[in-house]
Amino acid sequence: KVYTWGNRAGLEFFGPDVLGHEASFYFEGEQDTYHQVEPVFKGMENSIYVESWQRRIDGEKRLLAWYCNALRDRDGNVTGAVSSARDITELVKTEEALKHSEERYRLLVENSDFGVGFYSLDGTILFFNSKAIRNMGGKPEDYIGKNLVEIFGQEAGQIYFERVEATAQSKASLEYEDFVSLETGDYWFLYTYSRVLDSLGSVTGIQIISHDITPLKKMQIALKDSEEKYRKLVELSPDAIVVHTLGKIVFANQAALEKMGARSADDLLGKNAIEFVHPDFRAMALERIRNIYENSVMAGLAHEKFIRLDGRVIDVETTAIPFVYDGKPAVQLIVRDITDKMRMEQEIADSELKFRTLFESSHDALFLMDGEIFIECNPSTLSMFRCTRDEVIGYTPFDLSPEIQPDGVPSRTKGLKHITSVVEGNNQTFEWMHLRQDGTPFEAEIVLNKISISGKIYIQASVRDISQRKADEDKLRKSEARYRLLSDNMTDMVWLMDLELVPLYVSPSIEKVRGFAFEELKQLKLEDNLTPESLDRLLKIYHAELPKVLSDVNYVYDQPIDLEYYKKDGTTFWLEILFSIIRSETGSPESVLCVGRDITEYKRTQEKLKESEEQLKFIANLLPVSIAKIDK
């Protein structure tokens, strides 16, 4: 029963004087551990699993999970036992904390202003919250226990089931936008699909959160007819891999670009790798790199902080190994973003794992209020109000509002009336004028719900910034006026492109000459518009002039460019083009206005003249006489 050997981890846990002590010396409380492992000493072939409370070297009580096996001599006689242990104290605490979070999680889901559902992996609907049921326009028994095909039909049901399958295979949440026609009306929803894991990390189902984005989507659809200005970002990232030689980055995979916020490899290649390491960790990183180059040994797993291109700091785990790249000594860095992991560990410590996962996934600002005092908020709150968490918690809605609302009523008087009403059981939805931390006002839509947590009444508040709707309306009006001006005054071929050379508008003359409709032109790749020589010429000018356009508000490129374009029938024609930069009121470049003149016949005449001169020269060189050209 005496410890006779221990590995490094064992000696660090119990202390260097553990050898020679009886195992029970470290027991915390009465235990029958010896009785449980007795079969091992009698020759049992299989491992025995035992959980036992032990005293660590610092005196702290810790729960260890032991796997015990018989230790035998060469003759097969049992001489002792070898045991491996894992500290599962935090795991047990986490499981207990999660149990206390279940009630809060359930109440939040049921009272949320967005739909929440759970599907099994075979596409069976296990749960819809009240909001989801209302959106569907039915009763719980119409959906619960039925599969997706039964409810949505074969075609749509199969699409939703494929999303379930894709989410089950993805570590990241997946987002989808859908237009849905329900009995209650037509809607656009933003769906967030996330895996539900058990304690062992196995996928047990899929959680779906649906946000009603109908008002914003309607405005975006109207805006899309004149300007295409949004792109969807896809977050699907394995570990990032970066190779650097003598400190310079020479390779970065797609995951690295995404993690570091790079638009292309050019944003990273050639730069010093150490620039992306947080100053607090640079000394350690440089020492690890030096050791790799000098001793050709791997630098094991280490926690560091990186700085993205946008300035955001992320937590990462890095492993660096000696590497040869293009025949030169290099370092291969494997980076795993553990920012979410670090955040999750903190949330578990606060007994809010599931509560905060749902709380923080909302695009709206969410608050938990005790009376009129904010006691919790989500990250969208900080982004929306442009403030820190300390500037929200402990304050009231009236601290983030003007003294008087637009209708002339004091904010506190009007707000307390809504708070009193929701406490009495009447959920509230209303518009409100808020203030950002810098004093900027913005209009918001407020939803207040009463919830009960452990018998205590709280208020859940949802704040949606609706100022973007009015901004989009104003932008739409300006955009349409600009396009009307172009259409009414163009005398040649005219088109408008964004800064990535995607067409936003083309004149009817272009559609007529090229044979493409505007919607077809928007889908064409750049190489499908221009012949290779013209494409190469355009890109060289674009990359050379764009930095000047961005840095100098008065910069004008007034040189015409000759480019050869494809028509829909495969033939080509030449345009002489003048480019002009359209800027916003602040001077920022927004788009490129192009005016083109058809010079196809001129180009063809030039080509024929060149051919004629070459033929004349060829014939003259063959004649058996002396020929010379002299000036006057």
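Residues numbered from 1 in each chain as written. Predicted model: local features only at pLDDT ≥ 70, side-chain atom pairs only at ≥ 80, totals over all residues. Heavy atoms only, no water.

(A) Quick peek at the overall build of the protein. Across its full length, the protein carries 18 helices and 23 strands. Of the contacts formed within the protein by residues at least 6 apart in sequence, a portion of 44% connects residues at least 24 apart. About 36,900 Å² of surface is accessible on the protein, with carbon and sulfur atoms providing 53% of the total. (Helix = DSSP H or I, 4+ residues; strand = E, 2+ residues; numbered from the N terminus. Contact = heavy atoms within 4.5 Å. Areas by Shrake-Rupley, 256 points an atom, 1.4 Å probe, with all protein chains shown as cover.)

(B) Expanded view of the pattern of salt bridges. Under the criterion given, the structure shown has 31 salt bridges. A salt bridge links R389 to E376, with the nearest nitrogen and oxygen atoms 2.8 Å apart. Placement of R389 in the loop between α12 (379-385) and α13 (411-423) and of E376 in strand β15 (residues 373-377) is noted, with a sequence separation of 13 residues between them. Among the residues examined, E376 registers a relative accessible area of 8% and is labelled buried. (Salt bridge = Lys/Arg side-chain N within 4 Å of Asp/Glu carboxyl O. Buried < 20%, exposed > 50% of the residue type's maximum accessible area, 1.4 Å probe, protein only.)

(C) Molecular detail of empty space enclosed by the protein. By the definition in use, this model includes 5 cavities of 30 Å³ or more. Computed from the structure, the largest cavity encloses a volume of approximately 290 Å³. Around the largest cavity sit 25 residues that line it, and A273, V277, F306, L333 and V335 are the ones nearest its centre. Taken together, the elements giving at least two residues each to the lining of the largest cavity come down to β9 (240-245), α8 (254-260), α9 (282-295), β11 (299-307), β12 (313-325) and β13 (328-337). The residue inventory of the lining of the largest cavity, partitioned by class, reads 19 nonpolar, 2 polar and 4 charged. (1 Å grid on protein atoms, 1.4 Å probe; cavity = no way out; pocket = protein on both sides within 12 Å on 5 of 7 lines; lining within 4 Å. Points joined across faces, edges and corners; volume = space filled by probe spheres on them. Nonpolar A, V, L, I, M, F, W, Y, C, P; charged D, E, K, R; others polar.)

(D) Spotlight on helix α17 (residues 532-551). The first and last C-alpha atoms of α17 sit 29 Å apart over 20 residues, in line with the 28 Å expected at 1.5 Å per residue. Along α17, the sharpest change in direction is near 35 degrees and occurs at E545; proline P547 comes one to four residues later. If you follow the buried residues of α17, they end up packed against β21 (561-566), β22 (572-583) and β23 (589-598). (Expected span 1.5 Å × (residues − 1). Bend = angle between axes of the 7 residues up to and from the residue.)

(E) Region of interest: the environment of L593. In this structure, L593 sits in strand β23. The exposure class of L593 is buried, given its relative accessible area of 18%. Each C-alpha atom, one on L593 and one on I581, is 6.2 Å from the other, the two residues being 12 residues apart in sequence.

(F) Quick look at the side chain of R163. Among the structural elements, R163 can be located in helix α6 (residues 154-169). Residue R163 is classed as buried on the basis of its relative accessible area, which comes to 9%. If we skip the residues at most four places from it in the chain, R163 touches Y176, D178, Y191 and Y193.

(G) Expanded view of the sheet that holds strand β1 (residues 48-55). Spatial ordering of the open sheet is given by β1-β2-β3, a layout of 3 strands whose pairing is antiparallel. The strands lining the two open edges of the sheet, one partner per strand, are β1 and β3 (78-87). Adjacent strand axes in the sheet meet at a mean angle of 35 degrees, parallel and antiparallel pairs treated alike. Judged from the 8 bridges that link them, β1 and strand β2 (residues 61-72) form a sheet pairing that is antiparallel. Of the residues in β2, the one forming a bridge with Q54 is R62. Where helix α2 (residues 33-41) meets the sheet, its contacts fall on β1, β2 and β3, and the angle it forms with β1 comes to roughly 140 degrees. (Pairing = 2+ DSSP bridges. Axes fitted to C-alpha atoms, helices over the stretch in contact; angles between N-to-C directions.)

(H) The arrangement of the nonpolar core in detail. Counting residues in each nonpolar core, the largest one holds 24 residues, and the members touching the most others are A252, L268, F306, A320 and V335. Within the residue set of this core, elements represented by two or more residues are β9, β10 (248-252), α8, α9, β11, β12 and β13. With 4 residues, α8 is the single largest residue contributor to this core. In contact with V335, not counting residues within four places along its chain, are D239, A240, F306, V316, E317 and T318. (Core = buried A, V, L, I, M, F, W, Y, C linked by side-chain atoms within 4.5 Å.)

(I) Quick look at the sheet that holds β9. Read from one edge to the other, the open sheet built from 5 strands follows the order β10-β9-β13-β12-β11, with strand pairing classed as antiparallel. Edge strands, defined here as strands with exactly one partner in the open sheet, are β10 and β11. Direction aside, neighbouring strands of the sheet carry axes that sit 35 degrees apart on average. The sheet contact formed by β9 and β10 spans 4 bridges and is antiparallel. Within β10, the residue paired with H244 across the bridge is I249.

(J) Spotlight on the packing of aromatic side chains. Counting across every chain of the model gives 21 aromatic pairs. On the basis of an interplanar angle of 20 degrees and a centroid distance of 6.4 Å, the ring pair of F14 and W66 is categorised as stacked. On the criterion of sequence distance, the pair formed by F14 in helix α1 (residues 8-14) and W66 in strand β2 is long-range, its members being 52 residues apart. You can call W66 buried: its relative accessible area is 10%. Each residue in the set Y3, F13, F14, F25, Y26 and W66 is aromatic and connected to the rest through ring pairs, giving one cluster. Residue placement shows R163 over the ring face of Y176; its charged tip is 4.2 Å from the ring centre. Above the face of the Y458 ring, K456 is positioned so that its terminal group lies 5.6 Å from the ring centre. (Phe/Tyr/Trp six-rings, centres within 6.5 Å; stacked < 30°, edge-to-face > 60°. Lys NZ or Arg CZ within 6 Å of the ring centre and 35° of its normal.)

Coordinates in, geometry out; function isn't part of it.
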